[in-house]
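One-letter residues, chain by chain:
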Amino acid sequence: MIELALEPLQMSATLKEDALNRWLETHRKATVSLAVLPEVKTQAEILLTRDQSSEEFARAYRQMQSLMSIAFATQSDVRDIFILTVSTGKVIFSTNPSTEGQSRSADEYFIEGLKQTYVQSIYLFPGTNQPTLTISTPLSGENNQILGVLAVNLNLETAAEIITQINPNLNEEIYWVTRFKVPIYTNTPDPQKLPRRLQNQGLEAALKQKNGTHQDLNYAGEAIIGVHRWLEQWNSVLLVEKSRFEVLKPVHNLAKNILFTGLLLSIICIYIIYKLIQNLTQPILKLTTAATHIADGNLKLVPVTTTDEVGMLTKALNQITQQLHHLYSRLEDRINQPQNTDFKPQEISTQRQEQETLLNSNIPTKNQNLTTSKKLNSKQFSQFLEAIPIGVVVLDAQGNIYYSNHVAQGLFGPGAVPDADSDAEIYPSYIAGTEQIYAEKDLPLVRALHGETATINDIEVHQGDQIIPLESWGTPIYDEAGNIVFAIAAFQDTSERKNAETERQIFIEDLFKINCDLQLALDQEEQLNSTAERFVPHQFLTFLGYESIVDVKIGDAVQQEMSILFSDIRSFTQLSEQMSPSENFKFINAYLARMEPAIVENYGLIDKYIGDAIMALFGCSANHAVQAGIDMLKYLSEFNLTRCRPDRPPIQIGIGINTGDLMLGIVGGKDRMDTTVISDAVNLAARLEKLTKKYSVPLLISENTFLALPDPTAYALRLIDQVVVTGKSKKVSVFEVFEADSPQVRQKKLETKTQFELAITYYYQEEYQQAIKLFSECLTENPTDTVAQMYWQKLQSQL
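A short tour of the structure in this document, coming up. (Residues numbered from 1 in each chain as written. Predicted model: local features only at pLDDT ≥ 70, side-chain atom pairs only at ≥ 80, totals over all residues. Heavy atoms only, no water.)

### A look at the pairing of strand β24 (residues 717-724)
Here is step 1: Of all eight residues in β24, seven are buried; the element is thus mostly enclosed.
Here is step 2: Direction of pairing for β24 relative to strand β25 (residues 731-737): antiparallel, over a ladder of seven bridges. Each residue of the ladder has a partner; that of L719, found in β25, is F735. (Buried < 20%, exposed > 50% of the residue type's maximum accessible area, 1.4 Å probe, protein only. Helix = DSSP H or I, 4+ residues; strand = E, 2+ residues; numbered from the N terminus. Pairing = 2+ DSSP bridges.)

Structure (structure tokens):
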């Protein structure tokens, strides 16, 4: 039971360790990516090398505020981000301005962060006394010279959720402990009762960097079993434990059940044995009593109550009693009669013996080995020729038939025998396939009389309506003087062979026809597959591990990280009301034909069309999804140029892109199935597309897509909001990609990007006065900025 209980505990520890390591690795990569962003490196170099009182430093500081506000918004676990000088470890910039100017030269993360990306052990953050983790990485200039250190303080709320989440069926106790034996997080109901430092065998073993299982007493003195893990990347210990009593409770219950059941069975068995013994002993006791009475002369019968061996014994005893009673009676009668002295006993002995003598005579036999040398005579040779399944005809030197077997007679008729009657019919031989008699001089049998050995296979025998194809070969037979004395020829009926050749030819023709039909079927299948790919993309089947649509089955699914793109036409209902149904279809097809290349050219696959909406998937890179969205907007601008007529107003679309794990698979029933994708990531992408209407912008991406971009600065984008996803407690940052805007609008948004994103940061920090001031500056520079207008109006109503 203990071994079985340790297996799920080990699984729980493994899952939590993996989740913690993935969380840490994600933030470590994000910190490194932030430090190597060209814009961050440029502004950091100015901050670390320029005079703080210069205007250049002030501009770089504001630009860094904008950059870090994006990073701060996209990482909900970030407590603050700061930059340290290389010489003194002074905080030159921080998202928490109260820490600027402080020195961190003695801190471990600063010393190690000058050399490499470093993760410092968990410690309590000053002021809040909350567990904190710091990741630091070097900041280098254009010549790769180390200029300072970029550090990120992370709160461990997400890590705490990973640790404290338990399996209801497992009911385990989890402890996350520092290398100093201080518990960081636990899921125990009353953490206040925990001692300042924990102590047990598992913790001691884990601190020696050994993973395994343990049985010990916990802090409350209760016997436990558990799994201990040394978390190398965290420099801490993970303990997953469970009460030993709870583990062995089924064993205790089983023992109790066995005890009570055993006692009950024992009582029942004792009662049954008692009754059996009673039933066995009573008849025996009666027999014993009866035997005692017989010995005393009381010849009383014993009643028979059973049919078993005891009953049989009782019957036998009663018979003995009756015989004794009869003997006693006769003895009494004899005593009462007068005695006879002349009585002689008569002795009769009759003995008869018979002896029989069996005489066996051995008749000796002698075995003689008879060996005789015999030569084949003509009669035996004829028997051989009759036995073979081919026709044989022998001519003498004068050309008369000397011999023919029954097969030859069956082929050529009754006249093909020696000394046949002159009117006996011989079936003529013809050249195969004709009505021309075969020349006698060309027959192998005749040629053999002239000393030739010949073979022909173009001869036929016509027996009325029946035509028999033959193959014949002949050879001469010489005497000792070298003279031809006989000519022998064999005739083989080749009907079966001809039929086989005919069947083979028919088979070849049928096979050729089948090949033609197969090629036609393959062409049709290829055409069908090509058509099917237009409904189910081959790339979708590839994700599922199939080559053909015929292989898919309901329930097939695979998990993969992908970027999801949703697009929809704005105010399509109003547009469709102005068109007939046929015009609607022509318009939709014309629009989709323009949008499809933008997706396919960027390695995406269109999962489905939902009316005028498009859902596309990108499995290679988030870059492809974002570039596809930009290209769709550019192609849309070209498409609108063809609609420059009063009755054809230009159309606008909204595009939402999100990146995350999803399940691709096949759903449906017996008669209808379809491809689909299921995930929260899909729902968020659809919601982002709807949010484009709220902000009046064409393209929005989530923070997940933003973080998945190798170089976000390659695109014109800005942070515009944080939204709450249905079913989630954390907000998700939303970015506008304005790469496809007109050159004038794009330039204005780039010029006001710093003020805009800083205003967003102030807005979420509830510093509304500063936020409305910056939004006003943005609107002064760019009056058409709909997002800035929305925030400015919202702030006006709040103030």
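### Points about the sheet that holds strand β16 (residues 466-478)
Here is step 1: Read from one edge to the other, the open sheet built from six strands follows the order β13-β12-β17-β16-β15-β14, with strand pairing classed as antiparallel. If you trace the sheet from one side to the other, it starts and ends with β13 (401-404) and β14 (429-431), each paired once. Here the strands of the sheet are splayed against their neighbours by 35° on average, with no regard to which way each runs.
Here is step 2: Alignment of β14 against strand β15 (residues 454-463), held across three bridges, turns out to be antiparallel. Paired with S429 across the two strands is V461, which belongs to β15. (Axes fitted to C-alpha atoms, helices over the stretch in contact; angles between N-to-C directions.)

### Brief notes about the nonpolar core
Here is step 1: By size, the foremost hydrophobic cluster in this structure holds 67 residues, and its most contacted members are Y591, Y695, I701 and F775.
Here is step 2: A total of nine residues in this core trace back to one element, the largest contributor, which is helix α16 (residues 622-641).
Here is step 3: Residue-level mapping places this core at the junction of two domains, with at least three residues from each of domain 4 (538-740) and domain 5 (746-798).
Here is step 4: Sequence-distant contacts of F775, that is, excluding residues within four places in its chain, are made with F756, A759, I760, A788, Y791, W792 and L795.
Here is step 5: Formed by 55 residues, the second largest nonpolar core is a distinct cluster that contains L9, L48, I135 and Y185. (Core = buried A, V, L, I, M, F, W, Y, C linked by side-chain atoms within 4.5 Å. Domains from an automatic or database assignment. Contact = heavy atoms within 4.5 Å.)

### With respect to the packing of aromatic side chains
Here is step 1: By the definition in use, this model includes 15 aromatic pairs.
Here is step 2: Where Y402 meets F486, the ring centres are 4.7 Å apart and the plane angle is 50°; that geometry is what we call tilted. Remark: F486 occurs in strand β17 (residues 484-493) and Y402 occurs in strand β13; sequence separation between them is 84 residues.
Here is step 3: Taken together, the aromatic side chains of F756, Y763, Y764, Y768, F775 and Y791 make up a single cluster linked through ring pairs.
Here is step 4: Over the aromatic face of F756 sits the side chain of R718, whose NZ or CZ is 4.0 Å from the ring centroid. (Phe/Tyr/Trp six-rings, centres within 6.5 Å; stacked < 30°, edge-to-face > 60°. Lys NZ or Arg CZ within 6 Å of the ring centre and 35° of its normal.)

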